[in-house]
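# Overview (structure and organization)
The residues making up each chain are set out below.
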Amino acid sequence: MEAFRKIALALTIIGALNWGLEALLGFDVVADLAGGRDALMAKIIYGIIALAGLVSLGYLFRDEPEHHRRIEQDEYEWQTRPPAGMMEEK
């Protein structure tokens, strides 16, 4: 599942860079490589990138894994714990 997430994120980044080039330079890399914006291959690539964006959107609203929260909690407890020499011994 992690590989699927990374592929979706990479495709989303590629799409974002393509739109950035389109906005800044008026150059559409996908259309240039696929034979024009209206070519079937370009439409397939645009569709795949759009699906990757939807998948990545789902990860944006997903809760973070439990082990990440546990590490943050342990780090907080470590920062608020008094030094060892200052603890009372009974």
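Just above, that's the structure.
Residues numbered from 1 in each chain as written. Predicted model: local features only at pLDDT ≥ 70, side-chain atom pairs only at ≥ 80, totals over all residues. Heavy atoms only, no water.

## Focus on the overall build of the protein chain
Condition: The secondary structure listing takes helices from DSSP runs of H or I that are at least 4 residues long and strands from runs of E that are at least 2 residues long, numbered from the N terminus. Only protein chains enter the accessibility calculation, which uses a 1.4 Å probe; a residue is then buried when its area is under 20% of its type maximum, exposed when over 50%, and partly exposed in between. In this analysis, two residues are considered to be in contact whenever any of their non-hydrogen atoms come within 4.5 Å of each other. Per-residue and other accessible areas follow the Shrake-Rupley method at a 1.4 Å probe size, with only the shown protein chains counted as cover for residues.
A count of helical and extended segments in the protein chain gives 4 helices and 0 strands. In the protein chain, the succession of α and β elements from N to C terminus is α-α-α-α. Burial analysis of the protein chain (90 residues in total) assigns 14% to the buried set. If you take every contact in the protein chain between residues at least 6 apart in sequence, the share linking residues at least 24 apart comes to 44%. Total accessible area on the protein chain is roughly 7700 Å²; 65% of this is exposed by carbon and sulfur atoms.

## A closer look at the pattern of salt bridges
Going by this rule: We define a salt bridge as a contact between a side-chain nitrogen of Lys or Arg and a carboxyl oxygen of Asp or Glu at a distance within 4 Å.
The final tally for this structure, using the stated rule, is 2 salt bridges. The partner of R37 in a salt bridge is E22, with the nearest N and O atoms 3.3 Å apart. Taken as a pair, R37 in the loop between α2 (29-34) and α3 (40-60) and E22 in helix α1 (residues 2-25) lie far apart in primary sequence, 15 residues in all. With relative accessibility at 41%, the residue R37 sits in the partly exposed group. Connected through shared salt-bridge partners, E22, D28 and R37 make up one network.

## Focus on α3
We count it as follows: In this analysis, the expected span of each helix is defined as 1.5 Å times one less than the number of residues it contains.
Between its first and last C-alpha, α3 extends 30 Å over 21 residues, near the 30 Å set by a 1.5 Å rise per residue. Buried positions along α3 lie against α1 and α2.

## Quick word on the packing of aromatic side chains
Heads up, the condition is: Here a Phe, Tyr or Trp ring, Trp counted by its six-membered ring, pairs with any other such ring whose centre lies within 6.5 Å, and the pair is stacked when the planes are under 30 degrees apart, edge-to-face when over 60, and tilted otherwise. Criterion for a charge above a ring: Arg CZ or Lys NZ at most 6 Å from the ring centre, at most 35 degrees from the ring normal.
Under the criterion given, the structure shown has 0 aromatic pairs. One residue, R5, lies across the ring of Y59, its end atom 5.2 Å from the ring centre.

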